[in-house]
Amino acid sequence: MRRPIALGSLALTALVVSGLAGLGAARPASAQDRTLTYAQSVAVTAMDTAGASIGTVYPAGYEGMFLVYDNLVRFNDKMQIEPQLATEWSTSPDGLTWSFKLRRGVSFQDGSPVNADAVVFHIERQIDPKGNSANRPLWDPIASVKRIDDATVAITTHKPYAALLATLAHGSGGVVSPEGVRKHGDTFKLHPVGAGPYMVEKWDVGSEVVLKRFDGYWGGRASFARIVLRHVPDPATRVAMLQSGQADVISAVPVESVGQFEGVARVEVMARPALRTFGFGLNLNRKVFQDVRVRRAFNHAVDRDALIKAIFRGYATPIDSPLSPFTAGYAPVGSYDFNPSKAQQLLAEAGWKPGPDGILHKGDEALELTVLTPQGMLPKDVEVTQVFQGFLRKIGVKATINKVEPAAFWDYLRVPPDKLAWDMVLFGFNPSNGDGGYHLTSLFASNASRTERPKVWNFTWYESPKVDGLLAEADRTVDPTKRKPLLVEAAKVVWNDAPYVWLYAENVIIAKKKELRGVEVSPVIFTLLRNATP
């Protein structure tokens with residue numbers, strides 16, 4: 001039987017502000033003919049749920065995918081599981097097999113039926129590591145799927161898998177049309193076909209996607225005739241578009257722009273604590289970082305509160321765990337207070353002594369490191385890196401910043417350890433299924449081979465048999481009351497091992513026309529528009 005499953009207690013802060021001179025007047029078109037324009041900070045470049053392209057669609061592509069596809073189950077705004085294409089489900093006594101009853105009479109946007117065969121096709125496509133190299137911690141636990149009858153499927157896992165429903169609600173869980181995949185092949189990422197309320201009408205890749213209402217949607221007629229996802233990388237331009245009426249919703253409102261909407265009657269600013277946590281990953285293949293005292297010293301060198309106040313104006317939360325406070329499985333596990341004296345003491349214990357140039361030395365070796373950051377991909381990425389550079393300089397560490405374009409950033413991370421060209425890197429990970437086990441496994445489960453690229457996002461090459469064991473046990477523990485202590489213990493070990501300089505969890509800030517209803521700000525940093533109404 002189905003029931004809502006709480007994945008974390010969440011807080012939503014909405015700033016409703018009043019009066020904006022110059023905000024564009026409402027369109028003259030009737031409500032049923034209206035177009036909603038969403039100005040996104042990142043371009044939609046692909047909308048396939050599987051394959052290598054899914055790593056390039058974050059977050060804009062997922063926002064489009066949640067309009068085009070329906071999943072078996074979905075998250076509501078409290079991160080609880082609700083039915084979507086599946087109306088009910090049950091598990092076998094051994095916890096290995098999950099049976100799902102499908103909604104009858106549902107069609108894909110190409111007219112083909114959403115039935116058990118289509119769901120089997122979708123799941124088999126997701127669990128095939130050759131065809132789908134992305135999101136492996138989500139899909140690897142699934143052993144098989146089979147058709148029971150036209151409206152029933154059974155999914156079997158290798159071991160009891162507590163996060164299965166969260167996986168199915170994930171953006172990559174959108175059920176694709178088998179006919180659409182067969183028709184478009186490798187270009188399906190540009191011609192997505194799902195069972196959601198909107199379908200692709202036209203697409204200028206990297207610039208704009210126009211989605212039109214799917215009149216055959218099982219859930220009823222969508223409120224807008226079209227939704228336009230427009231790439232507007234400049235924050236000031238996005239703000240101006242909302243002010244002038246050229247956009248109805250804008251993403252990634254800069255913290256310094258929030259004040260522009262004070263006293264604005266027709267704009268609502270929505271700020272929600274998010275699941276994505278940030279830090280500087282340390283290349284543990286470097287000898288200097290193989291000493292935990294150095295890693296902990298770097299953590300004590302950073303004043304997180306000052307950084308958040310100066311750069312984010314308070315719209316972020318210092319973390320006391322690798323997980324966000326709003327992720328399932330979170331508990332506080334430790335802290336690194338801002339203590340430059342302690343940082344210098346730890347470095348001295350590790351053999352690093354001040355040199356005449358003000359930089360720490362160990363023999364003839366100077367503590368000079370490189371720090372990699374994307375430029376314009378993560379919130380305030382360059383500014384955060386520059387502040388971090390300054391903190392390190394105060395304890396005698398010379399850090400040289402290497403700024404790279406967003407499109408090239410991933411190529412620096414997803415490589416074998418001997419190909420890594422950086423010592424530290426700014427990174428933020430979002431467990432987009434809301435699950436702490438997925439977060440910890442993606443970043444901290446040991447990689448299988450040192451001759452290949454990391455399996456997921458463990459590009460620091462962290463290894464801990466204890467953490468691996470705890471995460472494996474957590475994955476097969478379905479009871480959340482028994483699973484959470486395993487995740488907390490794993491997080492505590494990782495925190496104390498300090499493979500990252502831990503920083504903060506971000507807030508998601510968007511703005512919209514106040515009269516627009518039904519816009520959801522997901523803590524997994526997506527803006528969801530499928531339920532938006534004029």
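Residues numbered from 1 in each chain as written. Predicted model: local features only at pLDDT ≥ 70, side-chain atom pairs only at ≥ 80, totals over all residues. Heavy atoms only, no water.

**As for the overall build of the chain**
Then comes step 1: Along its length, the chain carries 14 helices and 23 strands.
Then comes step 2: Relative to the globule expectation of 24 Å for 534 residues, the C-alpha radius of gyration of the chain, 24 Å, shows essentially globular dimensions.
Then comes step 3: Principal-axis analysis of the C-alpha atoms places the extent of the chain at approximately 75 × 60 × 40 Å.
Then comes step 4: Nonlocal contacts in the chain, meaning residues at least 24 apart in sequence, comprise 70% of its contacts between residues at least 6 apart.
Then comes step 5: Separation of charge centres in the chain, based on 60 positive and 54 negative side chains, amounts to 2 Å. (Helix = DSSP H or I, 4+ residues; strand = E, 2+ residues; numbered from the N terminus. Rg over C-alpha atoms; globule rule 2.2 N^0.38 Å. Contact = heavy atoms within 4.5 Å. Lys, Arg positive; Asp, Glu negative; His and termini not counted. Charge placed at Lys NZ, Arg CZ, Asp CG, Glu CD.)

**Focus: the sheet that holds strand 8 (residues 152-157)**
Then comes step 1: Here 4 strands make up an open sheet; going across it, the order is 5-6-8-7 and the pairing antiparallel. The sheet terminates laterally at strand 5 (86-91) and strand 7 (142-149), the two strands that pair on one side only. Each strand of the sheet is rotated relative to its neighbour by a mean of 20°, with strand direction disregarded.
Then comes step 2: Inspection of the sheet shows strand 5 paired to strand 6 (residues 97-102) by 5 bridges, in the antiparallel sense. Pairing of serine 90 across the sheet is with serine 99, part of strand 6. (Pairing = 2+ DSSP bridges. Axes fitted to C-alpha atoms, helices over the stretch in contact; angles between N-to-C directions.)

**Topic: the environment of leucine 516**
Then comes step 1: With respect to the helices and strands, the residue leucine 516 is situated in the loop between strand 21 (500-513) and strand 22 (520-521).
Then comes step 2: C-alpha of leucine 516 to C-alpha of glutamate 268: the two residues are 248 residues apart in sequence and 9.2 Å apart in space.
Then comes step 3: Apart from residues lying up to four places away in sequence, leucine 516 is in contact with Leu36, Phe224, Asp248, Val249, Thr533 and Pro534.

**Things to note about the pairing of strand 21**
Then comes step 1: Burial analysis of strand 21 places 14 of its 14 residues in the buried class, the great majority of the element.
Then comes step 2: Relative to strand 21, strand 12 (residues 249-250) runs antiparallel, the two sharing 2 bridges. Of the residues in strand 21, the one forming a bridge with isoleucine 250 is alanine 511.
Then comes step 3: The sheet contact formed by strand 14 (residues 316-318) and strand 21 spans 3 bridges and is antiparallel. (Buried < 20%, exposed > 50% of the residue type's maximum accessible area, 1.4 Å probe, protein only.)

**Concerning the sheet that holds strand 16 (residues 360-362)**
Then comes step 1: Overall, antiparallel pairing links the 3 strands, which are arranged 15-16-17 in an open sheet. Lying at the two open borders of the sheet, with one neighbouring strand each, are strand 15 (353-354) and strand 17 (365-366).
Then comes step 2: Pairing of strand 15 with strand 16 involves 2 bridges; the strand directions are antiparallel. Residue proline 354 lies in a different strand from strand 16, and its bridge partner there is leucine 360.

**A short note on the packing of aromatic side chains**
Remark: the centre distance and the inter-plane angle together describe each pair of aromatic rings, the angle taken between the planes.
Then comes step 1: A full pass over the atoms with the stated rule returns 21 aromatic pairs.
Then comes step 2: Here the aromatic rings of tyrosine 336 and tryptophan 495 are separated by 5.4 Å at their centres, their planes lie at 35°, and the arrangement is tilted. With tyrosine 336 in the loop between strand 14 and helix 9 (340-349) and tryptophan 495 in helix 14 (residues 480-497), this pair connects stretches of sequence that are 159 residues apart.
Then comes step 3: By relative accessible area, which is 2% here, tryptophan 495 ends up buried. (Phe/Tyr/Trp six-rings, centres within 6.5 Å; stacked < 30°, edge-to-face > 60°.)

**Describing empty space enclosed by the protein**
Space left empty within the atom packing is revealed by a probe, the size of a water molecule, rolled over the atoms.
Then comes step 1: Applying the stated rule across the entire model yields 3 cavities of 30 Å³ or more.
Then comes step 2: In this model, the largest cavity occupies a volume close to 250 Å³.
Then comes step 3: Together, 21 residues line the largest cavity, and Phe66, Arg74, Phe75, Glu520 and Leu528 are the ones closest to its centre.
Then comes step 4: Elements with a contribution of two residues or more to the lining of the largest cavity: strand 3 (73-75) and strand 22.
Then comes step 5: For the lining of the largest cavity, the class distribution of residues is 10 nonpolar, 6 polar and 5 charged.
Then comes step 6: Volume-wise, the second largest cavity comes out at about 60 Å³. (1 Å grid on protein atoms, 1.4 Å probe; cavity = no way out; pocket = protein on both sides within 12 Å on 5 of 7 lines; lining within 4 Å. Points joined across faces, edges and corners; volume = space filled by probe spheres on them. Nonpolar A, V, L, I, M, F, W, Y, C, P; charged D, E, K, R; others polar.)

**Focus on helix 12 (residues 436-444)**
Then comes step 1: Burial analysis of helix 12 places 9 of its 9 residues in the buried class, which makes it a mostly covered element.
Then comes step 2: Of all the positions in helix 12, only Gly436, Gly437, Tyr438, His439, Leu440, Thr441, Ser442, Leu443 and Phe444 are classed as buried.
Then comes step 3: Against the buried residues of helix 12 lie helix 3 (136-139), strand 13 (267-282), strand 20 (424-429), helix 13 (465-475), helix 14 and strand 21.
Then comes step 4: One side-chain oxygen at the N-terminal end of helix 12 lies 3.0 Å from the backbone nitrogen of glycine 437; it belongs to aspartate 435. (Polar contact = N/O pair within 3.5 Å; in protein donor to acceptor, adjacent residues only side chain to side chain.)

**Some remarks on the packing of helix 12 against helix 14**
Then comes step 1: Between helix 12 and helix 14, whose axes approach to 10 Å, the crossing angle comes to 35°. Judged by the twist between their axes, the crossing of helix 12 over helix 14 is left-handed. The segment helix 12 lies against helix 14, with Gly436, Gly437, Leu440 and Phe444 engaging Arg483, Leu487, Ala490, Ala491 and Val494.
Then comes step 2: A per-class count over the contact of helix 12 with helix 14 returns 6 nonpolar, 2 polar and 1 charged. (Left-handed = near helix turned anticlockwise from the far one by under 90°.)

**Describing the nonpolar core**
Then comes step 1: Ranked by size, the top nonpolar core spans 151 residues in total, and within it Phe100, Phe298 and Met424 carry the most contacts.
Then comes step 2: Sort the elements by how many residues they give to this core and strand 21 lands first, with 8 residues.
Then comes step 3: Excluding its chain neighbours within four sequence positions, the residues that come into contact with phenylalanine 298 are Phe289, Leu347, Leu369, Leu392, Ile395, Val397, Met424 and Val501. (Core = buried A, V, L, I, M, F, W, Y, C linked by side-chain atoms within 4.5 Å.)

**So, the pattern of salt bridges**
Then comes step 1: Scanning the entire structure with this criterion turns up 23 salt bridges.
Then comes step 2: With a closest N to O distance of 3.6 Å, arginine 266 and glutamate 515 form a salt bridge. Highlighted residues: arginine 266 in the loop between strand 12 and strand 13 and glutamate 515 in the loop between strand 21 and strand 22, separated in sequence by 249 residues.
Then comes step 3: As a salt-bridge pair, arginine 286 and aspartate 423 come within 2.6 Å of each other at their nearest N and O atoms. Here arginine 286 is found in the loop between strand 13 and helix 7 (292-300), whereas its partner aspartate 423 is found in the loop between helix 11 (406-413) and strand 20, with 137 residues between them in sequence.
Then comes step 4: With a relative accessible area of 9%, aspartate 423 lands in the buried category.
Then comes step 5: One salt-bridge network, in which partners are shared between bridges, spans Arg34, Asp248 and Lys513. (Salt bridge = Lys/Arg side-chain N within 4 Å of Asp/Glu carboxyl O.)

Honestly, it's all geometry; don't read function into it.
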